[in-house]
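One letter stands for each residue in the lines below.
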Amino acid sequence: TTYTPTVLVRNLFWRQGSREAGWMYRIGRVTPDQFLSTSQHITPLTSFMPIAGTGSFAIGLPDSGLGMFAGLFLTDRVNVAGVIHDANADRTDFGDLGEGDLFKALELQVKVLPLTKKAGYSKVTFWHNDGTSNGQAINGSTGAEGWGVYIKLEQELTQDGRLIAVGRWGRSEKDSALYEKLAGGHLVLYDPFCSGRYKRMGFEADAVGVGYDWGKQTGVDRDESDVEVFYRFPLFPEMDATVAYQAIFNPGLDPDNDFGSAISLRFRSTW
């Protein structure tokens, strides 16, 4: 097998605006699954790696490509965001915007009951995908035209914001997304040993989490689910390590097996 080095540019955009201005937009090469229905507590870098990765793939998400992401900051607790993007986008080239196939989404973001300034947003996302010009699947899109809704609820459960609950549910219509239905619940506890060094998603405190995901893949006649636990801890100054275990029941793409498991060890450093 010949290895061919590849350079991928997933994000290259012009950005203007700010929360202080009350608006912002990004236009250029963008990646919709890095914006829509995301949570800082569910990330392959330092926490969960649930079904279909960390993306919300009950949304027919296009790949990295040309598009525009815009937002309005209505209050300190309410935002509205929108995306218009090339449905034929491909991270290996510039897609095919000239075909006129578009992915559109509108998202409402609300801090329902924040207990600290670090509280995250609950989100409701409505989307429509025109499908790809050749009908071929790419990223979260099956290539078919369709639409759907995705809901992510996020809530601090303690006054210090150390314990976080995240619930997710999504549904796609007309076999247009990788998952017809997708749901899950996750709990994350930061600084579980009360070291007093709590800094969310930083390098100063440990974090432990447990999660459950369930999904019905489009075109697959079985339900898939998984249970996942992880522990993240500072290994060296400016370096985190994350150990995780995942038990997978009825793997959707492996009909001959009823159970699988995975253990991962990840390292992350910033400078």
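Asker: Now, about the pairing of strand β7 (residues 146-156): what can you tell me, with residues and values included?
Answerer: Every second residue of β7 is oriented toward a common face, the buried set being Gly146, Gly148, Tyr150, Lys152, Glu154 and Glu156 and the non-buried set Trp147, Val149, Ile151, Leu153 and Gln155. In this sheet, β7 lies alongside strand β6 (residues 122-129) in antiparallel orientation, the contact comprising seven bridges. Of the residues in β7, the one forming a bridge with Asn129 is Gly146. From the end of β7 to the start of strand β8 (residues 163-172), which pair antiparallel, there are six residues, and Gly161 there has a positive phi angle of about 75 degrees.

Asker: If you had to explain the pattern of salt bridges to someone new, which residues and values would you point to?
Answerer: One pass over the full model with this rule turns up ten salt bridges. One salt bridge connects Asp63 with Arg10, and the closest N-O pair in it is separated by 3.6 Å. Of this pair, Asp63 sits in the loop between β2 (23-30) and β3 (65-73) while Arg10 sits in the segment before β1 (12-18), placing them 53 residues apart in sequence. Judged by relative accessible area, Asp63 falls into the buried class, the value being 4%. With a relative accessible area of 24%, Arg10 lands in the partly exposed category. Across the salt bridge formed by Glu154 and Lys152, the nearest N and O atoms sit 2.9 Å from each other. An identical accessibility class is assigned to Glu154 and Lys152; each is buried. Members of the salt-bridge network, linked through shared partners, are Arg10, Asp63 and Arg91.

Asker: Which residues make up unusual backbone geometry, and what are the values?
Answerer: Positive phi, close to 55 degrees, is recorded for Ser37, a residue that is not glycine. By the secondary structure assignment, Ser37 is in the loop between β2 and β3. Its identity is not glycine, yet Asp191 carries a phi of approximately 50 degrees, on the positive side. Tracing the chain through its elements places Asp191 in the loop between β9 (179-190) and β10 (207-217). Taking the relative accessible area as the measure of exposure, Asp191 reaches 5% and is therefore buried.

What counts as what
Residues numbered from 1 in each chain as written. Predicted model: local features only at pLDDT ≥ 70, side-chain atom pairs only at ≥ 80, totals over all residues. Heavy atoms only, no water. Buried < 20%, exposed > 50% of the residue type's maximum accessible area, 1.4 Å probe, protein only. Helix = DSSP H or I, 4+ residues; strand = E, 2+ residues; numbered from the N terminus. Pairing = 2+ DSSP bridges. Salt bridge = Lys/Arg side-chain N within 4 Å of Asp/Glu carboxyl O.

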